[in-house]
Amino acid sequence: MTIQHANINDLDEILTLQKLAYQENAARYDDNNIPPLAETLDNIIEQAKSHIILKAVDGGIIIGSVRGREEDGCAVIERLFVHPDYQNLGIGRKLMTAIEQEFNTTVFRLFTGHLDDKNIALYSKLGYSVYGEEEKISPNLSFIHMEKKKEGA
């Protein structure tokens, strides 16, 4: 398994995998319109202009992805996901480590759903902690914002 920069030709496959990987979240929140499922190929193509998009590849197949961008001196990490058949193998951790290394910032921020216990546990193990208030997105979904500061920051 390798982690590489995604290119424009990967975006359709990444979107297909994203929609598969986020089905569990949709069921958890009883909402098939959560943002990762509502995203379109045009959305991701537009994001690719301002985001770094990484992919995890195994045997020539994309099995995970993460994206990030810089905003106000912080790295904002978004859309970490791994194919359901490859979860709990450390791929999410490797993607997070790789995307963090792409930015020369001292603060990293992300958000996740309030019921996404596995994600919250992973981010906590990686040094992230909750900050700010929960953000209500829909009747069943709130986002928890998390932040990590590099040592010495």
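Residues numbered from 1 in each chain as written. Predicted model: local features only at pLDDT ≥ 70, side-chain atom pairs only at ≥ 80, totals over all residues. Heavy atoms only, no water.

(A) Broad picture of the overall build of the protein chain. Looking only at helices and strands, the protein chain has six helices and eight strands in total. In the protein chain, the succession of helices and strands from N to C terminus is β-α-α-α-α-β-β-β-α-β-α-β-β-β. Computed over its C-alpha atoms, the radius of gyration of the protein chain comes to 15 Å, within 12% of the 15 Å expected for a compact globule of 153 residues. With respect to the three principal axes, the spread of C-alpha positions in the protein chain is 40 × 35 × 30 Å. For the protein chain, buried positions account for 46% of its 153 residues. In the protein chain, once contacts between residues fewer than 6 apart in sequence are set aside, the share between residues at least 24 apart is 60%. Approximately 8200 Å² of the protein chain is accessible, and the part contributed by carbon and sulfur atoms is 47%. The positive charge centre, built from 16 side chains, and the negative charge centre, built from 24, are 4 Å apart in the protein chain. (Helix = DSSP H or I, 4+ residues; strand = E, 2+ residues; numbered from the N terminus. Rg over C-alpha atoms; globule rule 2.2 N^0.38 Å. Buried < 20%, exposed > 50% of the residue type's maximum accessible area, 1.4 Å probe, protein only. Contact = heavy atoms within 4.5 Å. Areas by Shrake-Rupley, 256 points an atom, 1.4 Å probe, with all protein chains shown as cover. Lys, Arg positive; Asp, Glu negative; His and termini not counted. Charge placed at Lys NZ, Arg CZ, Asp CG, Glu CD.)

(B) Expanded view of empty space enclosed by the protein. Applying the stated rule across the entire model yields one cavity of 30 Å³ or more. Lining the largest cavity we find 20 residues, and of these Tyr 22, Arg 79, Phe 111, Thr 112 and Gly 113 sit closest to its centre. For the lining of the largest cavity, a count of residues per class yields 13 nonpolar, four polar and three charged. (1 Å grid on protein atoms, 1.4 Å probe; cavity = no way out; pocket = protein on both sides within 12 Å on 5 of 7 lines; lining within 4 Å. Points joined across faces, edges and corners; volume = space filled by probe spheres on them. Nonpolar A, V, L, I, M, F, W, Y, C, P; charged D, E, K, R; others polar.)

(C) Representation of the packing of aromatic side chains in the model. In this structure the tally under the stated criterion is three aromatic pairs. Note on Tyr 22 and Phe 81: the rings are 5.9 Å apart at their centroids and 65° apart in plane angle, and the pair reads as edge-to-face. Residue Tyr 22 is located in the loop between helix H1 (11-21) and helix H2 (23-28), and its partner Phe 81 is located in strand S4 (residues 74-82); the two are separated by 59 residues in the primary sequence. For Tyr 22, a relative accessible area of 12% corresponds to the buried category. (Phe/Tyr/Trp six-rings, centres within 6.5 Å; stacked < 30°, edge-to-face > 60°.)

(D) Structural detail: the environment of Ile 14. Secondary-structure assignment places Ile 14 in helix H1. C-alpha separation for the pair Ile 14 and Gly 60, spaced 46 residues apart in sequence, amounts to 13 Å. With near-sequence residues (within four places) excluded, Ile 14 lies in contact with Ala 6, Ile 53, Lys 55, Ile 62, Ser 65, Arg 67 and Phe 81.

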